[in-house]
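Geometric and topological summary
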Amino acid sequence: DVLGLGLAGQFQLGPVALKGEFDYFDGSQDYTYNALGEDFATFIDADLKGTQIFLDASMAATDTVKVGAQFLWADSVDDDEVQVTSLTDDFRTDWAFVDFMPQNLGNSDFAINDNFDIFDPARFYGVPGQGSMAFGLYADVKATEDLTFNFGGWYFQTDEDKYLDMDGYFLNAKASYKLMANTTLSSHLLYQSFDVDNGVDPDATDEALGLITSLVVSF
């Protein structure tokens, strides 16, 4: 059972557009894991918790260039609690069709990898609940009437480093060209690098480079 409460708002402060969101999650998770039979059953009774903030500020630098900055923070949880960052079956911030997805404001999630929970990054290394603090910059450039560029980057670190000290960054570049009124060709390049200290290998580095090109036709 999970309850999610969110408060989002927008405000125009002169040339600066401000957006923000606060999210709170609470609930419980009870289940029995008995893959090896009843004699080896494991009973889980955990409190689900989550508190997170997302802020975005952007402005038009010129008639064709928009720049922005983003900040987020997610509180870590106690040892007997499980961190929740969204209302999904697997407590991720993506994939499910009917998610309540925090961080839907600002520049979307362009500046980070979709298949990554920026609010709980240590989850992907087997140590969930460490929280997160991150800062990002982005720029949208309209080069011509048909050609646009997007640039973005994030730096993040775990809010708590008791069991795993992790930090990293994402770098993104995207180009979109409108071939026709209803047809757009785009190419998106993503680089990500994480430094992970789990107490065993303090200098572990995880890197990835990806490129996706798509042709989208709207009817």
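Everything in this summary refers to the structure shown in the same document. (Residues numbered from 1 in each chain as written. Predicted model: local features only at pLDDT ≥ 70, side-chain atom pairs only at ≥ 80, totals over all residues. Heavy atoms only, no water.)

**A closer look at the overall build of the protein chain**
Helix and strand counts for the protein chain stand at zero helices and 10 strands. Secondary structure elements in the protein chain, listed N-terminal to C-terminal, are β-β-β-β-β-β-β-β-β-β. By the burial criterion, 33% of the 219 residues in the protein chain qualify as buried. In the protein chain, 54% of the contacts between residues at least 6 apart in sequence involve partners at least 24 apart. Entry remark: accessible area of the protein chain is about 12,600 Å², with carbon and sulfur atoms responsible for 57%. (Helix = DSSP H or I, 4+ residues; strand = E, 2+ residues; numbered from the N terminus. Buried < 20%, exposed > 50% of the residue type's maximum accessible area, 1.4 Å probe, protein only. Contact = heavy atoms within 4.5 Å. Areas by Shrake-Rupley, 256 points an atom, 1.4 Å probe, with all protein chains shown as cover.)

**Points about the side chain of S193**
Position of S193 relative to the elements: it lies in strand β9 (residues 183-197). On the accessibility criterion, S193 (8% relative accessible area) is buried.

**Observations concerning the packing of aromatic side chains**
Under the counting rule described, the total for this entry stands at five aromatic pairs. A ring pair is formed by F149 and F151, whose centres lie 6.3 Å apart and whose planes are at 15°; its orientation type is stacked. Each ring, one from Y169 and one from Y191, has its centre 6.0 Å from the other, and the planes form 50°; the classification is tilted. On the criterion of sequence distance, the pair formed by Y169 in strand β8 (residues 165-180) and Y191 in strand β9 is long-range, its members being 22 residues apart. Assessed through its relative accessible area of 23%, Y191 is described here as partly exposed. Aromatic ring contacts, followed pair by pair, group F156, F170 and F194 into a single cluster. (Phe/Tyr/Trp six-rings, centres within 6.5 Å; stacked < 30°, edge-to-face > 60°.)

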